[in-house]
Amino acid sequence: ARGLDPSEARGLDPSAFLPRAGGGPVPRDEEALLSALLAPSPLQVSCLSARLTALRALGCYHAAGDFKAMLQHLARLGDASVTVDVLRTGTLRRVPLDLEGALLLLPTLTQLLASSHEEHAEASLDALSLVLSSFGSVVAAARSAATGGVGVDLSGEARARRCHECYDHFDAIRPRLRELAAGDGATQRRAVDLLQGIGLVMGMA
């Protein structure tokens, strides 16, 4: 007696999985399924709409030249995708970023650096490198002056405090940078370079 084919035992018709001869039209039920799969979900539409609204609000601050308000709003949003969108535009290279603005940005970059998404970590590493190149030597000089025993410059106290805070932020991210430097992928080389830069510019061992 002929053995039972496995497909028959399961009630499957193998021919149903083969291309139709002549490339006939797709049945309506399959068209409906494809449309449902390709159509954006309500959740996706909602997320994209919120993201666009956030970017428009940030754009208004940028257009008005209120860059600190823009960075404060970005921090309040706490949306990693929006932060990456902003960083990718190269905004940081075009705005007059000062030490106060850098301190507004650093906590956001630290959170982004901890992300498991490589593109988020990449964006953070690039921005952190920019902050380091812009303010690293200023921060190092302020710390040297504070430990030099030459007295207190009252007019520069606020700036000195910001420099110390900036130093602490870079010190705090070094464990995460070591993790990335020990890995692979696009973030590995960037993390190594940033670690070396922190050590050279800020004197961290």
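Scroll up to find the structure.
Calculation criteria
- Residues numbered from 1 in each chain as written.
- Predicted model: local features only at pLDDT ≥ 70, side-chain atom pairs only at ≥ 80, totals over all residues.
- Heavy atoms only, no water.
- Salt bridge = Lys/Arg side-chain N within 4 Å of Asp/Glu carboxyl O.
- Helix = DSSP H or I, 4+ residues; strand = E, 2+ residues; numbered from the N terminus.
- Buried < 20%, exposed > 50% of the residue type's maximum accessible area, 1.4 Å probe, protein only.
- Contact = heavy atoms within 4.5 Å.
- Phe/Tyr/Trp six-rings, centres within 6.5 Å; stacked < 30°, edge-to-face > 60°.
- Lys NZ or Arg CZ within 6 Å of the ring centre and 35° of its normal.
- Axes fitted to C-alpha atoms, helices over the stretch in contact; angles between N-to-C directions.
- Left-handed = near helix turned anticlockwise from the far one by under 90°.
- Nonpolar A, V, L, I, M, F, W, Y, C, P; charged D, E, K, R; others polar.

A. Just the pattern of salt bridges, in detail. Counted according to the given criterion, the structure contains 9 salt bridges. Ionic pairing is found between R162 and E100, a salt bridge with its closest N-O pair at 3.9 Å. Of this pair, R162 sits in helix 9 (residues 157–181) while E100 sits in helix 7 (residues 99–113), placing them 62 residues apart in sequence. Through salt bridges with shared partners, a single ionic network connects E122, D126 and R190.

B. View of the side chain of T83. The topology assignment puts T83 in helix 5 (residues 80–88). The buried category is assigned to T83, whose relative accessible area is 1%. Other than its neighbours up to four places away in sequence, T83 contacts L74, T108 and L112.

C. Structural detail: the packing of aromatic side chains. A complete count under the given rule lists 0 aromatic pairs for this structure. Sitting over the ring of Y167, R143 keeps its end group 3.6 Å from the ring centre.

D. Structural context of the packing of helix 9 against helix 10 (residues 186–202). Look at helix 9 against helix 10: their axes get within 9 Å of each other, and the N-to-C directions meet at 145 degrees. In this structure, helix 9 crosses over helix 10, and the sense of that crossing is left-handed. In contact with Y167, F170, I173, R174, L177, R178, L180 and A181 of helix 9, helix 10 contributes T187, Q188, A191, V192, L194, L195, I198 and M202. Its residues placed into classes, the contact of helix 9 with helix 10 shows 12 nonpolar, 2 polar and 2 charged.

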